[in-house]
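Below are the chains, spelled out letter by letter.
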Amino acid sequence: MTSHTRRTGAVTASAEGLRELLAPVRYVLWDLDGPICRLFAGHPASEVARDLVREIERLGLAALLTEEERLRPDPQGVLLAVYFRHPEAGLISHLEKRLTEHELFAVPTAWPTPYADPLIMTWSALGARFAVTTNNSARAAAAYVESRRLTACFFHVYGRTEDLARMKPDPHCLSRALESLDAHPSQALMLGDAGTDYQAARALGVPFLGYARNQRKLDLLVTAGVDRSHIVRSLDEVLIVLKRR
């Protein structure tokens, strides 16, 4: 248990519990925004959400959003709210492409998650095979991976499509990744920071490791049903276990 974990009083994964969880893992399905990077660190998600709201209003469709949704700093939430109320293909394609443009713009100022790069390289060197399984654009995910010179570790990248119903918690992108890796769920691990990641993994029988960079993320994962013993507060905890194999 890390010193940070002791300070917060939160009980999370022990080294022994991590060893047991990681022992059978040959394939890792990574969420992008959280475990790999903070995508909107330099291009805030709240600004992206406001831009989408302004575009929806410009199109004369403001009534599709509640007042709370218009103020929510979550661009994916705005996109999904429109999709579920007005799933017109042309509109959804337009808004999804606009969000993708923002995500691509955010890549150069994204912050790498602490220890993510060394963990990726170490785990890959030990023989694990990876895929990105994200609700962000696959183009943005691939661009970020390339910017960190990690493309050789991630031949498989699956992200949001215009069929928004297949975003996590739907397991579609995880299923595609498992198929492309020829991986059995029992030998895979989903590494994510959201309840939707956990729900998608559980739907396919894929073991799950939660990453909680702060107390709010930890609380949300626990509320979603993730066992505290399957949550880490720092990816360094995973790196240490791998290095001691």
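Residues numbered from 1 in each chain as written. Predicted model: local features only at pLDDT ≥ 70, side-chain atom pairs only at ≥ 80, totals over all residues. Heavy atoms only, no water.

*Asks:* Help me out: how do you make sense of the overall build of the protein chain in this one?
*Replies:* The number of helices and strands found in the protein chain is twelve helices and eight strands. By the compact-globule yardstick of 18 Å for 245 residues, the protein chain fits well, its C-alpha radius of gyration being 18 Å. Each of the three principal axes of the protein chain carries a C-alpha extent, and together these read 60 × 40 × 35 Å. Excluding contacts between residues fewer than 6 apart, the proportion of contacts in the protein chain whose partners are at least 24 apart in sequence is 70%. (Helix = DSSP H or I, 4+ residues; strand = E, 2+ residues; numbered from the N terminus. Rg over C-alpha atoms; globule rule 2.2 N^0.38 Å. Contact = heavy atoms within 4.5 Å.)

*Asks:* Can you walk me through the sheet that holds strand β8 (residues 231-232) in this structure?
*Replies:* The strand order β5-β4-β1-β6-β7-β8 describes an open sheet built from six strands, whose pairing is parallel. Single-partner strands in this sheet number two, and they are β5 (156-160) and β8. The pairing of strand β4 (residues 129-137) with β5 spans four bridges and is classified as parallel. When the sheet's bridge partners are listed, Thr133 is paired in β5 with Tyr158. (Pairing = 2+ DSSP bridges.)

*Asks:* When you look at the confidence of the model for the protein chain in this model, what are you seeing that I'm missing?
*Replies:* The predicted structure's coordinates, where accompanied by low pLDDT, should not be read in detail. Of the residues in the protein chain, 96% reach a pLDDT of 70 or more, and the chain-wide mean stands at 94. Here residues 1-10 is a poorly scored stretch, pLDDT under 50, and it has 14 contacts once near neighbours within four places are set aside; other chains count. (pLDDT = per-residue confidence, 0-100.)

*Asks:* Just checking my understanding: could you explain the nonpolar core for this structure?
*Replies:* What tends to happen in soluble globular proteins is that the nonpolar side chains get buried as a cluster. Counting residues in each nonpolar core, the largest one holds 58 residues, and the members touching the most others are Trp30, Trp123, Phe130 and Phe154. Ignoring anything within four residues of it in the chain, the contact list for Trp123 reads Leu22, Val25, Val28, Trp30, Ala128, Phe130, Leu189, Val238 and Leu242. (Core = buried A, V, L, I, M, F, W, Y, C linked by side-chain atoms within 4.5 Å. Buried < 20%, exposed > 50% of the residue type's maximum accessible area, 1.4 Å probe, protein only.)

*Asks:* Is there a simple way to think about the packing of helix α3 (residues 45-58) against helix α5 (residues 75-85) in this case?
*Replies:* Helices that pack against each other are described as a pair by the angle of their axes relative to one another and the distance between those axes. Contact geometry of α3 with α5 gives a least axis separation of 8 Å together with a crossing angle of 25°. Regarding the angle of α3 to α5, the classification is roughly parallel. For the pair α3 and α5, the contacting residues are Ala45, Val48, Ala49, Leu52, Val53 and Ile56 in the first and Pro75, Val78 and Val82 in the second. Counted by class, the contact of α3 with α5 contains nine nonpolar, no polar and no charged residues. (Axes fitted to C-alpha atoms, helices over the stretch in contact; angles between N-to-C directions. Parallel < 35°, antiparallel > 145°, perpendicular 65-115°, else oblique. Nonpolar A, V, L, I, M, F, W, Y, C, P; charged D, E, K, R; others polar.)

*Asks:* Help me out: how do you make sense of the pattern of salt bridges in this one?
*Replies:* Tallying each qualifying case throughout the model produces 14 salt bridges. A salt bridge links Arg19 to Glu16, with the nearest nitrogen and oxygen atoms 2.9 Å apart. One end of the pair is Arg19 and the other is Glu16, both in helix α2 (residues 15-22) and three residues apart, which spans about a single turn. Looking at Arg19, the relative accessible area reads 37%, which means it is partly exposed. A salt bridge links Arg58 to Glu55; its shortest N-O distance comes to 2.7 Å. With Arg58 and Glu55 both in helix α3, this residue pair falls three residues apart, about one helical turn. Each of Asp51, Glu55, Arg58 and Arg98 takes part in one network of salt bridges that share partners. (Salt bridge = Lys/Arg side-chain N within 4 Å of Asp/Glu carboxyl O.)

*Asks:* Even after reading the chapter, I still don't get the pairing of β5, so can you show me in this structure?
*Replies:* Of all five residues that make up β5, four are buried, and the element is covered over most of its length. In this fold, the crossover linking β4 to β5 by way of helix α8 (residues 138-147) has right-handed handedness. (Right-handed = clockwise from strand over helix to strand, strands pointing away.)

*Asks:* Can you help me understand the packing of aromatic side chains in this one?
*Replies:* The description of an aromatic ring pair uses the distance of the two centres, along with the angle that the planes make with each other. Overall, the coordinates contain seven aromatic pairs when judged by the stated rule. On the basis of an interplanar angle of 75° and a centroid distance of 6.1 Å, the ring pair of Trp30 and Trp123 is categorised as edge-to-face. Placement of Trp30 in strand β1 (residues 27-30) and of Trp123 in helix α7 (residues 116-125) is noted, with a sequence separation of 93 residues between them. For the ring pair Tyr198 and Phe208, a centre distance of 5.5 Å and an interplane angle of 65° mean the geometry is edge-to-face. (Phe/Tyr/Trp six-rings, centres within 6.5 Å; stacked < 30°, edge-to-face > 60°.)

*Asks:* Looking at this structure, how should I read the layout of surface pockets?
*Replies:* Remark: the empty space left among the atoms is shown by a probe the size of a water molecule rolled over them. As a volume, the largest pocket reaches approximately 990 Å³. Residue lining of the largest pocket: 31 residues in total, with Asp33, Asp74, Gln76, Asp193 and Lys217 positioned closest to the centre. Of all the secondary structure elements, the ones that give two or more residues to the lining of the largest pocket are α5, β4, α10 (195-204) and α11 (215-224). Looking at the lining of the largest pocket residue by residue, the classes come out as eleven nonpolar, eight polar and twelve charged. (1 Å grid on protein atoms, 1.4 Å probe; cavity = no way out; pocket = protein on both sides within 12 Å on 5 of 7 lines; lining within 4 Å. Points joined across faces, edges and corners; volume = space filled by probe spheres on them.)

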